[in-house]
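Spelled out from the first residue to the last, the chains are:
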Amino acid sequence: MKKQTQSKILALLVAFLAGSLTLIAALFMVMPRQVTQPSSVGGPFTLTDQNGKSVTDASFKGEPFLVFFGFTHCPDVCPTTLYEMSEVLNRLGPDANKTAALFVTVDPERDTPEKMKQYISSFHPRIFGLTGTDAQIEAIKREYRVFAKKVPTKDGDYTMDHTAVVYLMDKDGRFIAPFNLSRSADEAAADLRKRL
Ligand code: NI
């Protein structure tokens, strides 16, 4: 091979590699973080349960758990989701004690521990109602990438728009996947049972 041909090939190779690297770098920049780093959803938290007791992420370590954000004044999505979660937990029978579902309020202003206790008493006992200070709620919302916004109503009151994903977390508190409640309670319970 002539020296000139060799250097041409080398130049082409360098150009190709540089192009590939630029493309890869560009792809990393446009890809949402959730896709590349699923474990970055979730994290440590300190909140107050429905009995006024302080709980942290460590309180639920060692068991897979579900997390759902909402508020007690929610007219439809929250009660429906909590009802569906209860049905799934009912299907687990005594094994429900090996898991938990955390209902975290996005409306700490109105959702006191007393209010949460009263509200979740209609649902499965493995559903915990968690509230906290504004700062504590903001912190867990950030970690779970939850969107929530106050929306004023005509009567001078307000409602909340909020993310309605049910998060399935593993025994170490790491995010596995969104938990699908649109299938039958039996199917969802079988899926959850596999993680116990
Ligand atoms: Ni809701």
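Here, the structure is the one placed above.
None of these values were measured; they are calculated from a predicted model.

**Q** Pulling in residues and values, what's your account of the coordination of the nickel ion?
**A** Taken together, Cys74 (SG), Cys78 (SG) and His162 (NE2) make up the protein donors of the nickel ion, found 2.1 to 2.2 Å from the metal. All donors of the nickel ion come from a single chain, and their spacing in sequence reads C-x3-C-x83-H. Cys78 matches Cys74 in its accessibility class, with the two residues each being buried.

**Q** Run through the packing of aromatic side chains, naming residues and quoting values.
**A** A complete count under the given rule lists 9 aromatic pairs for this structure. Between Phe68 and Phe103, the ring centres sit 6.0 Å apart and the planes meet at 20°, which makes this aromatic pair stacked. Highlighted residues: Phe68 in strand 3 (residues 65–70) and Phe103 in strand 4 (residues 100–105), separated in sequence by 35 residues. Aromatic ring contacts, followed pair by pair, group Phe68, Phe103, Tyr119 and Phe123 into a single cluster. The ring of Tyr158 has Arg110 sitting right over it, with the charged end atom 3.7 Å from the ring centre.

**Q** Explain helix 4 (residues 113–120) residue by residue, including any values.
**A** For helix 4, the full list of buried residues reads Pro113, Met116, Tyr119 and Ile120. The arc that holds the buried residues of helix 4, viewed along the axis, is 125°, so those residues lie on one side. For helix 4, the exposed residues lying more than 90 degrees away from the buried face are Glu114 and Gln118. Check the buried side of helix 4 and you find it contacts strand 1 (46–48), helix 3 (77–92), strand 4 and strand 5 (127–130).

Reading the values: the criteria
- Residues numbered from 1 in each chain as written.
- Predicted model: local features only at pLDDT ≥ 70, side-chain atom pairs only at ≥ 80, totals over all residues.
- Heavy atoms only, no water.
- Donors = N, O, S within 2.8 Å, 3.2 Å for Na, K, Ca; no water.
- Buried < 20%, exposed > 50% of the residue type's maximum accessible area, 1.4 Å probe, protein only.
- Phe/Tyr/Trp six-rings, centres within 6.5 Å; stacked < 30°, edge-to-face > 60°.
- Helix = DSSP H or I, 4+ residues; strand = E, 2+ residues; numbered from the N terminus.
- Lys NZ or Arg CZ within 6 Å of the ring centre and 35° of its normal.
- Arc of directions from axis to C-beta.
- Contact = heavy atoms within 4.5 Å.

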